[in-house]
Structure formats: structure tokens, C-alpha cells
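In case you want the letters, here they are:
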Amino acid sequence: MNKVMSNKLMIALYVLPALLLIAILIFIPLILTGYYGLMDWNGIGKMEFIGLENYLNGLQDPKFWESAYHSFLLAVFSALSLIIYLAISLILASKIKGADFLRKIYLIPMLLSSVAIAQLWIKVYNPNNGILNSILTGLGVENPPAWLAEPSIVLYAIFIPILWQYAGFYILIYYAALKNIPESLIEAAKIDGATPMQIAYKIKLPLIMGVIKVTIVLAIVGSLKYFDLIYVMTGGGPNGASEVMASYMYKLAFSTNEFGYGSAIGFLLLIITLIVTVIIRKLTASDDELQY
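Everything numeric in this text was worked out from a predicted model, so none of it was measured. (Residues numbered from 1 in each chain as written. Predicted model: local features only at pLDDT ≥ 70, side-chain atom pairs only at ≥ 80, totals over all residues. Heavy atoms only, no water.)

1. Quick notes on the overall build of the protein
Next, step 1: From N to C terminus, the protein includes 16 helices and 2 strands.
Next, step 2: Here the C-alpha coordinates of the protein stretch approximately 75 × 75 × 30 Å along the principal axes.
Next, step 3: Within the protein, buried positions represent 37% of all 292 residues.
Next, step 4: By sequence separation, contacts in the protein at least 24 residues apart represent 65% of the contacts at least 6 residues apart.
Next, step 5: For the protein, the computed accessible surface area is about 17,500 Å², with 69% contributed by carbon and sulfur atoms.
Next, step 6: Of the charged side chains in the protein, 18 are positive and 17 negative; the average position of the first set lies 13 Å away from that of the second. (Helix = DSSP H or I, 4+ residues; strand = E, 2+ residues; numbered from the N terminus. Buried < 20%, exposed > 50% of the residue type's maximum accessible area, 1.4 Å probe, protein only. Contact = heavy atoms within 4.5 Å. Areas by Shrake-Rupley, 256 points an atom, 1.4 Å probe, with all protein chains shown as cover. Lys, Arg positive; Asp, Glu negative; His and termini not counted. Charge placed at Lys NZ, Arg CZ, Asp CG, Glu CD.)

Written out as C-alpha cells, the structure is:
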């Protein structure tokens, strides 16, 4: 086995299938997207090379920057929601009664597709007979809002199902990290008179900080390219109030047949996501990581 692993040719042969798969599924589509962004093309007819015009138009497009603002707002919400997930995980990991049942409940949204979740929450938010407005009416609210039809609140309304959808994913990650903490450390802290809050703040959180940093990157980057649930629930409306970068790109490419311009917007989304990822990694990196 050692001889095989020391043979560079054999290593290359083992790695080659994975590299080919990555190239076919990731790198080649990215290169083609950047290439199509240089064209004036409706997706079907003849392509006309126009250079960087689509990219320059995208950088000057108010709708693109408005959709980018909405994406960044969702990213901020997602990063802040990690505090809720972490708090729930700390409670579940503290051996409370019914923790196993609660973990299974939180995992249910992970079993549903985004389209199913969107349809479920459309019914919840229905202004006429939705469960949310029915509750508000029963509590004495005379004119409950039309949650998905009011530009000032639609983005906040959409974030609630997103928060619900990804709860199980992040809670599971945090719970697994917390369970890997040696129990002897917790017991020693209790013997020294540490309170549950002190144990959580001074022992548990520092020991899982690496996992927390990874989830911050996942939450923010995932929010920047979020598409399916928003598109099904609102289609980017009303009047672009819930439009995000991915949905704007989709509309340009497949609704208005501006495939070249839509590809340019998609490539700009990629660049923005990469820049944000690098910035987050720099901000969350420890001193040892920065040396590398």
C-alpha cells in the first residue's frame, strides 16, 4: 500500500476520475457562464460578441444592486440566526428531558423540498384564510398584513421559512460538536463551582469555535445564492421587493431571454460570493491560520 501511495502516477490515476467529475460539473459550466456573459444572446439564436458590455451594464444596473442588497440582508439574517440555533443546541446537549424527540422534530424540515416548504408557508401567510392571520384576528388584530404582498415586510416574512428550513441542519452540526467535548472537562468545571452559563461561555463555545466559523461561512454564502424558496413564494415580488441576485439572474436568462446578460449577472454573483467568502475567512481566522 505504501508503495502505491508513493507512486505519483498511481496517485494521479486515483484522483483523475474525481478531478474530471469536478471539471465537468463545476469548472466547465463556470467558464461557459463567463464566456456567455461576453455575448449578446437570447439562448437560442446566433451569439454576438460584445466584450464586457454585459458586465459593465450589470455593475450600473440599479435592479442588480437592489437584488444584491436583498441578498446581503438575508445573509445578515442568516448569520444572526446561528445564535438561535446555537442556543437550542446548547439546551439539547445539556441532557434535558425529551431532547431526542426535539432533535427529531427539528430535523423534519430537512426532509422536505424547498418547493414543498414554500407551498406550505404560502398557505400559512394567506391573508384571507391563512393560519397566521387567523391567529392574529382571533387575538383582536383588525387588519393583519398581507405578508407576501407588502413590499416593506415581504423579505422579513420570507426569512421565517428559511430560518425554519435550515434549523435542523445547523442544530445537528452544533449538537454533534458539543457532544464531542470531553465530559471530564464539564464535570471538572462543575466541581469548581462553575454555573451552566459559565460552562457554556468559557468552555463549550471556545472548544467549538472552529465549527461556528464554518457555519458562519456556510450561512452567509448560502444566503447570497438563495433562489428556489423565494422564487416559488413571491417570484421576486411584489415590485422587486424580494428579488435576490439568483432570481434576478434567472428572470433575465429565462423570462426575458437575455441569456448573455443573465450569464454576466450570474458570473458577477460568483465573484461577489468569492469575495465575501475570502473576507469572512479573514475576519474569522485565528492568528495561526492567518500565518498560512
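On we go.
2. Concerning the packing of helix H5 (residues 99-107) against helix H9 (residues 167-179)
Next, step 1: In contact at an axis separation of 7 Å, H5 and H9 are set at 140° when each is read in the N-to-C sense. Looking at the two axes, H5 sits oblique to H9. The segment H5 lies against H9, with Arg103, Tyr106 and Leu107 engaging Ala167, Gly168, Ile171, Leu172 and Tyr175. (Axes fitted to C-alpha atoms, helices over the stretch in contact; angles between N-to-C directions. Parallel < 35°, antiparallel > 145°, perpendicular 65-115°, else oblique.)

3. Some words on the packing of aromatic side chains
Next, step 1: Taken as a whole and assessed by the stated rule, the structure comprises 19 aromatic pairs.
Next, step 2: Ring centres of tyrosine 35 and tyrosine 36 lie 5.9 Å apart, and the angle between their planes is 50°; on these two criteria the pair is classed as tilted.
Next, step 3: According to the relative accessible area criterion, tyrosine 35 is partly exposed, its value standing at 39%.
Next, step 4: Relative to tryptophan 147, the ring of tyrosine 125 has its centre 6.0 Å away and its plane inclined at 35°; by these criteria the two rings are tilted. Taken as a pair, tyrosine 125 in the loop between helix H6 (114-124) and helix H7 (131-138) and tryptophan 147 in the loop between H7 and helix H8 (154-165) lie far apart in primary sequence, 22 residues in all. Of the two residues, tyrosine 125 and tryptophan 147, neither departs from the other in class, the shared state being buried.
Next, step 5: An aromatic cluster is built from Tyr35, Tyr36, Trp41, Phe227, Tyr231, Tyr250, Phe254 and Phe259, whose rings are joined through pairwise contacts. (Phe/Tyr/Trp six-rings, centres within 6.5 Å; stacked < 30°, edge-to-face > 60°.)

4. Things to note about the environment of lysine 104
Next, step 1: With respect to the helices, strands and loops of the structure, lysine 104 is situated in helix H5.
Next, step 2: Sequence spacing of lysine 104 and leucine 172 is 68 residues, and the spatial spacing of their C-alpha atoms is 9.9 Å.

5. Remarks on the nonpolar core
As a rule of thumb, nonpolar side chains are buried together in soluble globular proteins.
Next, step 1: The biggest cluster of nonpolar side chains holds 24 residues, and the ones touching the most others in it are Tyr85, Leu86, Tyr174 and Ile208.
Next, step 2: Contributions of two or more residues to this core are made by helix H4 (62-92), H9, helix H10 (183-191), helix H11 (196-207) and helix H12 (209-224).
Next, step 3: Per element, the largest residue contribution to this core is 7 residues, and it comes from H9.
Next, step 4: Ala157, Phe159, Ile162 and Ala241 belong to the second-largest nonpolar core, a separate cluster that totals 23 residues. (Core = buried A, V, L, I, M, F, W, Y, C linked by side-chain atoms within 4.5 Å.)

6. Overview of empty space enclosed by the protein
Next, step 1: Tallied over the entire structure, the rule returns 1 cavity of 30 Å³ or more.
Next, step 2: The calculated volume of the largest cavity comes to roughly 40 Å³.
Next, step 3: Those elements giving two or more residues to the lining of the largest cavity turn out to be H5 and H9. (1 Å grid on protein atoms, 1.4 Å probe; cavity = no way out; pocket = protein on both sides within 12 Å on 5 of 7 lines; lining within 4 Å. Points joined across faces, edges and corners; volume = space filled by probe spheres on them.)

7. A short note on the environment of isoleucine 208
Next, step 1: Examined against the element boundaries, isoleucine 208 turns out to sit in the loop between H11 and H12.
Next, step 2: Looking at isoleucine 208, the relative accessible area reads 2%, which means it is buried.
Next, step 3: The sequence separation of isoleucine 208 and proline 62 amounts to 146 residues, and the corresponding C-alpha distance is 41 Å.

8. Comments concerning unusual backbone geometry
Next, step 1: Look at the link from glycine 237 to proline 238: it is a cis peptide, with omega at -5°.
Next, step 2: Among the secondary structure elements, proline 238 is positioned in the loop between helix H13 (228-233) and helix H14 (245-255).
Next, step 3: One non-glycine residue, asparagine 239, lies in the positive phi region at around 55°.
Next, step 4: One non-glycine residue, asparagine 257, adopts positive backbone phi at about 60°.

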